[in-house]
Amino acid sequence: MKTKKTTLVWLCLTLGAPFMFFAQTTTTTQTFNNTFYGQNSGINNSGNFSCGFGVNTLMNNGGNSNTGFGIQALMSPKGGFNAAFGASSMKSNDTGSLNSAFGTRTLENNLSGSFNVAIGHRTMGDLSEPGNMNTAIGYSALKINAGDGNIALGYFSPRHLASGNNNIFIGTETAVNLERGNGNVFLGKVIVNPFASSQVLIGNDADKTIIFADGYGAQRMTISNTGNVGIGLGNNVLSSNRLEVNGGVVIGKSFVSNASPMAGLTAPANGLLVEGRVGIGTSTPNNKVEITQGTNGFSGLRFTNLTNAFVPATTSVSRKFLTVNASGDVVLENVGTTNSLLSDQNTLTSTVNGVSSNAPIVNSVATIFAENNQLTTIVNGVASAPVTIPIPTDTDEQTLALAGNVLSISNGNSVTLPADGDSNPTNELQTLTQNGNVVILSNGGGTITLPTDTDTDAQTLALAGNVLSISNGNSVTLPADGDSNPTNELQTLTQNGNVVTLSNGGGSFTLPTDTDTDAQTLSLTGNVLAISNGNTVTLPQTVIQGGSNISVSGNGSAATPYLISSIDTSLYAANGSINQATTTGTNRVVNLNSRNIWFNTSTSTVNGKIYIGNTTAYPTTTGNYRLYVEGGILTEKVKVALRSSNNWADYVFAKDYKLMPLKEVATFIEKNKHLPGVASADQLAAEGLDLAAMQAKHMEKIEELTLYIIDQDKKIETQQATLSQQQKEIETLKAQVELLIQKMK
């Protein structure tokens, strides 16, 4: 044991092996080769060969060869050979050993995990027992997983894994929805199903599964835990066979895209294009396709839908047929000309082995229309079953009937009309009247002139908004409804073919076909609607009544028509509160319906801001920002965009970058109490913190520290070489001294 007191100490920055640079301290220890700098750093240390830089770093260290850099890094370790770089990195480490943590809050809560490597803010930082032998690189990589032997590279990779061993994840926020699993390999942005895996789908508990995806989440290839390979099958689809491919497959060196002379050939859709020969049941095919079934007389080829029981719909005559030669190759042959069958007008001639014979062809067709509309067809003397021909029915004399609010048509169906919703006599349904070929809509609704002598059997009515039109005719604009009550609206009729539908749930009925209504006319007396050659119905009355923000004036006459006025109470015209009676639960729900919301501030050069909170105290010293939120913002993800690569800190690695010597850094810190180029706490409190700028400044300091480490590493290598040479010289001197002692005895 020895006591050492000095004003120059060494700061260790490598992973596992101590190496030092000078900094100012007045620490006194009773242990070997320790270096500490910072308030409470190493205050209760009992280990050896350890180095701490920062407030409370290695404060209660009980292990050996531990290195901590940053506030509260490695505060109370009992394990040894740990390296922690960054504020609160390995803050809670207890018995964990041989861990390397680089970044703020990396391995922050680890207690006993060992042999882990964590690089990036909060990497492996949440759990007290994250496991052993894991490697995580990237912001929040392996943040919540408990397991051993995992490798994760990328931002928030894996996203939701809570337990798993021996997995490999490479990609930004990959393995989304994977909660547990072992032995998986995910490359790219992989998003699995949020439910358990099945035989054909990959879920949140996948094991020993390999997935290759692009950076946008489209999975290109999967390999299941049984070794089945799927290419282009879609996301999270497992192959049921050793190989499944969605799309065409090309086999052959001359068929690839840059080969010749067959370059650029495309396989059939979801098919196979093969350059060489294909053998089925044989490894040495002698043709483009050769099938070896193994039993003489059987080809090994089967047509499931083409058996000897199939009878073609049409018959054609050909002298060509398929057969096999002596080698089994399928060939096309001709039939001999010994037999023939010919027809000439009504004579059929057959020749068999040179012997001919003739036979007449007799065809006759007759129809008989008997009484009771019976039609019989006779072909070659054979009569068919009689068919009854229907007699057309004239439905022109149909009539309408109204019983209460049930409207019916003779020889047809009925519909129930909605009841009138109020008792105001000035708010009633409008009525149609006809004078000759002029149709008049009451309450100033306008008139239309019907064309004369027009067959309207094929005409149809159509309503677009409040415009009523008739095919082969004109259109009229109906007056708009006078109130906002959805249960007290004008009903409209629409026709689709011969189906008439009444709006607002009024029902529908089917008009009979082939009805000539040219001679019929409608007339209206008061609210009684009559049809010529038919009956009459009494129409219900409708009341127009104003609401809280709607007023109605006039009596509906031509001189004083109805005038409907509204008062704008929207948030664009007045302040107001959400109506609790019309909310969904405690929410006012707005469905964006696949659209965006844009608050245009181009004309608001002074204001144009949004404030959420109790008082509109807009900050004036932190910049011209648009959104202010009291109490903070809780979100799952924040991404800060850089305007250009100039806003990042890679300029530190430029050859002309002037790196401040460490002595000047120490002097600056002693004088200003913060790092060079970093805003002070007072300045940040007054002006606020720019995340992008501060992250870039952190990266600048990290890259500067990396340069310091590289420089110190070179010095250590030189010192190590010198020590090795000195050790050899000492060994030589020891040998010489031993030899002298032996000679002096």
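Residues numbered from 1 in each chain as written. Predicted model: local features only at pLDDT ≥ 70, side-chain atom pairs only at ≥ 80, totals over all residues. Heavy atoms only, no water.

**Q** Give a description of the overall build of the protein that names residues and reports values.
**A** When its secondary structure is counted, the protein shows three helices and 48 strands. Residues counted as buried form 24% of the 745 residues belonging to the protein. Across the protein, every contact between residues at least 6 apart in sequence was considered, and the portion connecting residues at least 24 apart equals 22%. Summed over all atoms, the accessible surface of the protein reaches about 48,500 Å², with 56% contributed by carbon and sulfur. (Helix = DSSP H or I, 4+ residues; strand = E, 2+ residues; numbered from the N terminus. Buried < 20%, exposed > 50% of the residue type's maximum accessible area, 1.4 Å probe, protein only. Contact = heavy atoms within 4.5 Å. Areas by Shrake-Rupley, 256 points an atom, 1.4 Å probe, with all protein chains shown as cover.)

**Q** If you had to explain the pattern of salt bridges to someone new, which residues and values would you point to?
**A** The final tally for this structure, using the stated rule, is 13 salt bridges. In this structure, aspartate 94 engages lysine 78 in a salt bridge whose closest nitrogen and oxygen atoms are separated by 2.8 Å. A residue pair is termed long-range when its members are at least 10 positions apart, and aspartate 94 in the loop between strand S6 (83–85) and strand S7 (100–102) and lysine 78 in the loop between strand S5 (67–69) and S6 qualify at 16 residues. Residues aspartate 711 and lysine 715 are paired through a salt bridge, measuring 3.5 Å at the closest nitrogen-oxygen approach. Note that aspartate 711 and lysine 715 are positioned in helix H3 (residues 691–744) at a spacing of four residues, about one turn of the helix. Linked by salt bridges that have partners in common, Lys697, Glu700, Lys701 and Glu704 make up one network. (Salt bridge = Lys/Arg side-chain N within 4 Å of Asp/Glu carboxyl O.)

**Q** For the side chain of serine 50, give the residues involved together with the corresponding values.
**A** With respect to the helices and strands, serine 50 occurs in the loop between strand S3 (35–37) and strand S4 (51–53). Using a relative accessible area of 0% as the deciding quantity, one classes serine 50 as buried. Non-local contacts of serine 50, meaning those with residues more than four positions away in its chain, are made with Asn33, Asn34, Thr35, Leu58, Asn61, Gly63, Asn64, Ser65 and Asn66.

**Q** I'd like a rundown of the side chain of threonine 57, residues and numbers included.
**A** Mapping threonine 57 onto the fold places it in the loop between S4 and S5. Here threonine 57 falls in the buried class, since its relative accessible area comes to 0%. Contacts of threonine 57, omitting those with residues within four sequence positions, involve Asn40, Ser41, Gly42, Gly52, Gly68, Phe69, Gly70, Ile71, Gln72, Ala73 and Leu74.

**Q** I'd like to hear about the confidence of the model for the protein, residue by residue, with values.
**A** Overall, the prediction assigns the protein a mean pLDDT of 79, with 77% of residues at 70 or greater. A low-confidence stretch, residues 1–29 stays under pLDDT 50, and its non-local contacts, those more than four residues away or across chains, total 75 contacts. (pLDDT = per-residue confidence, 0-100.)

**Q** Break down the packing of aromatic side chains for me, with residues and values.
**A** Evaluation of the coordinates by the stated rule reveals nine aromatic pairs. Ring geometry for tyrosine 37 versus phenylalanine 53: centroids 5.1 Å apart, planes at 15 degrees, classification stacked. Note that tyrosine 37 is positioned in strand S3 and phenylalanine 53 in strand S4, a separation of 16 residues in sequence. Taking the centre distance of 5.3 Å and the plane angle of 10 degrees together, the rings of tyrosine 139 and tyrosine 155 count as stacked. One end of the pair, tyrosine 139, is in the loop between strand S9 (135–137) and strand S10 (151–153); the other, tyrosine 155, is in the loop between S10 and strand S11 (168–170), with 16 residues separating them in the sequence. (Phe/Tyr/Trp six-rings, centres within 6.5 Å; stacked < 30°, edge-to-face > 60°.)

**Q** So what's going on with a nonpolar patch on the surface? Which residues, and what values?
**A** A cluster of nonpolar side chains, contributed by Val590, Leu592, Ile597, Phe599, Ile610, Ile612, Leu627, Val629 and Ile633, occupies part of the molecular surface with about 900 Å² of accessible area. For the nonpolar patch, the secondary-structure elements that each account for two or more residues are strand S47 (610–612) and strand S48 (627–629). By the secondary structure assignment, phenylalanine 599 is in the loop between strand S46 (563–566) and S47. The class of phenylalanine 599 is exposed, set by a relative accessible area of 61%. (Patch = residues over 30% accessible without salt bridge, like charges linked within 9 Å, V, L, I, M, F, W, Y side chains within 5 Å.)

**Q** Would you mind going over the sheet that holds strand S44 (residues 536–538) in detail, with residue names and values included?
**A** What links the strands of a sheet is backbone hydrogen bonding, and the strands pair in either a parallel or an antiparallel sense. Pairing within the open sheet is antiparallel, and its three strands lie in the order S42-S43-S44. Since the sheet does not close on itself, it has two edges, and those belong to strand S42 (522–525) and S44, each with one partner. Each strand of the sheet is rotated relative to its neighbour by a mean of 20 degrees, with strand direction disregarded. (Pairing = 2+ DSSP bridges. Axes fitted to C-alpha atoms, helices over the stretch in contact; angles between N-to-C directions.)

**Q** Account for the pairing of strand S30 (residues 400–403), naming residues and giving values.
**A** Pairing of S30 with strand S31 (residues 406–409) involves four bridges; the strand directions are antiparallel. From the neighbouring strand, alanine 401 faces S31, where its bridge partner is serine 408. Count of turn residues in the S30/S31 antiparallel hairpin: two residues, of which glycine 404 carries a positive phi of about 70 degrees.

**Q** Report on the environment of leucine 301, specifying residues and quantitative values.
**A** You can see leucine 301 is positioned in the loop between strand S20 (289–291) and strand S21 (320–324). Measuring from C-alpha to C-alpha, the distance between leucine 301 and isoleucine 291 comes to 7.7 Å, with 10 residues separating the pair along the chain.

**Q** Could you give an account of the sheet that holds S30, with specific residues and numbers?
**A** What the three strands build is an open sheet, ordered S30-S31-S32; its pairing is antiparallel. With partners counted over all chains shown, the strands left at the sheet margins are S30 and strand S32 (414–416), one partner each. Between one strand axis and the next, the sheet turns by 20 degrees as a mean value, whatever way the strands run. Pairing between S31 and S32: three bridges, direction antiparallel. Each bridged residue has a counterpart across the sheet, and for leucine 407 the counterpart in S32 is valine 415.

**Q** Account for unusual backbone geometry, with residues named and values stated.
**A** Proline 158 follows serine 157 through a cis peptide bond whose omega is -10 degrees. Non-glycine residue methionine 90 carries a positive phi angle of around 50 degrees. Following the sequence through the fold, methionine 90 ends up in the loop between S6 and S7. Owing to a relative accessible area of 0%, methionine 90 belongs among the buried residues under this scheme. The residue serine 594 is not glycine, and still its phi comes out positive at about 60 degrees.

**Q** Residue-level account of the nonpolar core, with values.
**A** Counting residues in hydrophobic clusters, the biggest one holds 26 residues, and the most contacted among them are Phe169, Leu178, Phe186 and Val192. In contact with phenylalanine 186, not counting residues within four places along its chain, are Ile168, Phe169, Ile170, Thr174, Ala175, Leu178, Val192, Thr209 and Ile211. Phe53, Phe85, Leu705 and Tyr708 belong to the second-largest nonpolar core, a separate cluster that totals six residues. (Core = buried A, V, L, I, M, F, W, Y, C linked by side-chain atoms within 4.5 Å.)

**Q** How would you sum up H3? Please name residues and give values.
**A** Counted at 1.5 Å a residue, the expected span for H3 with its 54 residues is 80 Å, and the 76 Å between its end C-alpha atoms agrees. Among the residues of H3, Ala692, Met694, Ala696, Glu700, Lys701, Glu703, Glu704, Leu705, Tyr708 and Gln712 are the ones counted as buried. Buried positions along H3 lie against S5, S6, helix H1 (662–672) and helix H2 (681–687). (Expected span 1.5 Å × (residues − 1).)

**Q** Tell me about the environment of asparagine 624, and name the residues and values.
**A** When you line up the elements, asparagine 624 lands in the loop between S47 and S48. Residue asparagine 624 is classed as exposed on the basis of its relative accessible area of 55%. Residues asparagine 624 and lysine 609 lie 15 residues apart in sequence; the distance between their C-alpha atoms is 9.2 Å.

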